[in-house]
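Here's the letter readout for the chains.
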Amino acid sequence: MKKNRFEHMWVLLCLTAAVLLGGCSRDGRPEREENSQPIVNFRAITLGNMPEGGMDEIYRQLDALTIPELNCTLRFEFIPWGNERRQLNIVTASGEYDFIPGGVFSDYRTLVYKNVFLDMNEYLDAVPALTEHYAIFDANALEKCKINGGLYGLPQLGRGEIQNIGEGFLYREDLRREWGLEEIRDLETLEAYLYRARQDERYQDSPMVTDNRVWSSLWMMLTKGKYLEVNSFLETPFLVVDSSDPYRVLNRMETPEFQEVLNYIRKWRRDGILDPDMLSRSDNEGELGKRLILADRKPCETNNPIWSVNSYWIPKLQEDHPQWEFGFYPYHFGNEKYYIGSLAGSSVISISAKTTEPELALKLLEKVHTDIRYYTLAAYGTEGNNYELVDGKINFDNISAGNRFAWTAVADDVLNYEALPVNEKWAEVYDAIMDGYDRIAERAEDNPIDGFTFSVPEKEQKAVEQVWLQYFQPLICGYGESSPEELEAANERLYAAGFEQYLAIVQEQLSAYAEEKTGQAPD
């Protein structure tokens, strides 16, 4: 059985002694002796739904570690997936939470430039075990994650990843066979599945695509690795570079492939494949997609990373519908080239700049990444309530899918348990995909702009973001004609808002990065 590269990749090295549980006060926190230092109460944001049960036990066991060893407690606030970017912006600005997750699902870099996160550089000397741990795969791992010299997020720990790795199309394999369709291996066969599903009487009244990020899926399939993202496509949808000329920034919306994306989007909306209310949807409608599939109102989902499917979708789908079979088509398997990067593109945990105990907060993260007692509670919850161990491997067969727990963005490939498969048929699909990733990694080239970050004055940033929302967001949701003239008009609006200056600012920084990296500035 292959191990999950993202959550269950490496065999657990060892288990430490059992956690000793102390007495508790009325508020559920262990009592402290009189005249001791006040306990620091940390608050963390994590994404997803609160487990149906077991949080009290998680807190009880956490307190038994954190209070005597660090003189602090840790409590979680849950933000459901679906509108996480806006909610994360709100809670970050509030300064009420000490730990904030970020990455491709957030406006992480934009928030960095607003000075809302702690620069951890100043405190790294206090956590030598943490820096040593991050050097396991790359001696300069944390250095590469810095933005303008500051370390504002502690990344998930693993090997470098291929850009957009894992993104793909989840679908009912049993229905594909029932409908006599070809194996899904490209955009043509994927589209055939969508249209055949729409004809089935079970799904005639349901859209097949409910996630407004579908344009990014089409972009990946149509470009086949030709372009590299300068940043997250959600946070900076305007910019890409051509992989053959990686130090020259381009307007994505002026590429021929973007027009092709809009052509598909418009056709799918016309033919009832797209949700007619797509423009009102959030940036991540994964939970909506899962609910519709569980209710047998649609048989597929276009925007899903394999780690999410394996950990959060398949357990619940197989729990409710054990007779169903699922397949997964990774969009980037058809790429002509692959580029691997460092942890700089990983999801991160940030510490609020307003935290009252910054050094202690970082010491808590050090414990999470270097002490298996802390990591197990943060990544899985408590045994018997949120997971089980079978022969030293993590298992969820007897755990309700609604009772899973994980602190977002603390995943650590060194400390993860190997996972037992949810079921054998899905295990075969998953193992084949993991084997494909291994083959890709063997021939992947280093991402030439790995670690590049840029900053744009807030005025210019807000101006282009407003144009995106007003003129481009409707196009990527299928509204209008999506014609070349319509796209040209939207681009004219973009340049009228100052996009030429925006591009020039980014290009100047990218040229400086290229000169530092290669010894010469781009032509």
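Whatever comes next refers back to the structure up there.
Predicted, not measured: the structure shown is a model, and the values here were computed from it.

S.K.: Would you take a moment to explain the state of the cysteines for this structure?
M.R.: Disulfides are covalent bonds that link the sulfur atoms of two cysteine residues. Following the criterion strictly, the structure yields zero disulfides and no others. Residue cysteine 300 stays outside any disulfide, its sulfur separated by 17 Å from that of cysteine 477, the closest cysteine.

S.K.: I tried to follow the packing of aromatic side chains on my own but got confused; where do I start?
M.R.: Centre-to-centre distance and the angle between the planes together describe a pair of aromatic rings. This structure, assessed with the given rule, holds 32 aromatic pairs. Seen in terms of ring centroids, phenylalanine 169 and tyrosine 193 are 5.9 Å apart; in terms of plane orientation they differ by 85 degrees. Their pairing is edge-to-face. Here phenylalanine 169 is found in strand 5 (residues 167-172), whereas its partner tyrosine 193 is found in helix 7 (residues 187-199), with 24 residues between them in sequence. Looking at phenylalanine 169, the relative accessible area reads 0%, which means it is buried. The structure contains a cluster of three or more aromatic residues connected by ring pairs, namely Trp215, Phe233, Phe238, Phe258, Trp468, Phe472, Tyr495, Phe499 and Tyr502. Directly above the aromatic system of tyrosine 479 lies the positively charged group of arginine 269, at a separation of 4.0 Å from the ring centroid.

S.K.: Sorry, what's going on with the packing of helix 8 (residues 214-223) against helix 9 (residues 256-270) here?
M.R.: Between two packed helices, what matters for the description is the angle formed by their axes and the separation of those axes. Contact geometry of helix 8 with helix 9 gives a least axis separation of 9 Å together with a crossing angle of 130 degrees. Judged on the interaxial angle alone, helix 9 and helix 8 are oblique. In terms of crossing hand, the pair formed by helix 8 and helix 9 is right-handed. Between helix 8 and helix 9, the residues in contact are Val214, Trp215, Leu218, Trp219, Leu222 and Thr223 and Glu257, Phe258, Glu260, Val261, Tyr264, Ile265 and Trp268, respectively. A class-by-class count of the residues in the contact of helix 8 with helix 9 yields ten nonpolar, one polar and two charged.

S.K.: Explain the pairing of strand 10 (residues 326-330) here, please?
M.R.: Counted residue by residue, strand 10 has five buried out of five residues, so it is predominantly covered. The alternating pattern of strand 10 places Phe326, Phe328 and Pro330 on one face and Gly327 and Tyr329 on the opposite face, and all of these are buried. As judged from the five bridges shared by strand 5 and strand 10, these two strands associate in the antiparallel manner. Opposite leucine 170, over in strand 10, you have phenylalanine 328 as the bridge partner.

S.K.: Just checking my understanding: could you explain the packing of helix 12 (residues 358-370) against helix 13 (residues 372-379) for this structure?
M.R.: Running from N to C, helix 12 and helix 13 cross one another at 90 degrees; their axes reach a closest spacing of 5 Å. When the interaxial angle is binned, helix 12 and helix 13 end up roughly perpendicular. Judged by residue contacts, Leu364, Lys367, Val368 and Thr370 of helix 12 engage Ile372, Arg373, Tyr374, Tyr375 and Ala378 from helix 13.

S.K.: What should I look at first to understand the side chain of asparagine 335 in this one?
M.R.: Structurally, asparagine 335 can be placed in the loop between strand 10 and strand 11 (339-340). Overall, the relative accessible area of 16% leaves asparagine 335 in the buried class. Not counting chain neighbours up to four residues away, the residues in contact with asparagine 335 comprise Met220, Lys224 and Gly225.

S.K.: Please clarify how the sheet that holds strand 8 (residues 245-251) should be interpreted in this entry.
M.R.: If you trace the three strands from one edge of the open sheet to the other, you get 6-7-8, paired in antiparallel fashion. Each edge of the open sheet carries a strand with a single partner, namely strand 6 (227-229) and strand 8. Pairwise comparison of adjacent strand axes, ignoring direction, gives a mean angle of 40 degrees for this sheet. Of the strand pairs in this sheet, strand 6 and strand 7 (residues 239-242) are connected by three bridges, and their pairing is antiparallel. In the strand pairing of strand 7, tyrosine 227 is matched with aspartate 242. Sheet strands in contact with helix 17 (residues 499-518) are strand 7 and strand 8, and its direction is about 170 degrees off that of strand 8.

Rules used in this analysis
- Residues numbered from 1 in each chain as written.
- Predicted model: local features only at pLDDT ≥ 70, side-chain atom pairs only at ≥ 80, totals over all residues.
- Heavy atoms only, no water.
- Disulfide = S-S within 2.5 Å.
- Phe/Tyr/Trp six-rings, centres within 6.5 Å; stacked < 30°, edge-to-face > 60°.
- Helix = DSSP H or I, 4+ residues; strand = E, 2+ residues; numbered from the N terminus.
- Buried < 20%, exposed > 50% of the residue type's maximum accessible area, 1.4 Å probe, protein only.
- Lys NZ or Arg CZ within 6 Å of the ring centre and 35° of its normal.
- Axes fitted to C-alpha atoms, helices over the stretch in contact; angles between N-to-C directions.
- Parallel < 35°, antiparallel > 145°, perpendicular 65-115°, else oblique.
- Left-handed = near helix turned anticlockwise from the far one by under 90°.
- Contact = heavy atoms within 4.5 Å.
- Nonpolar A, V, L, I, M, F, W, Y, C, P; charged D, E, K, R; others polar.
- Pairing = 2+ DSSP bridges.

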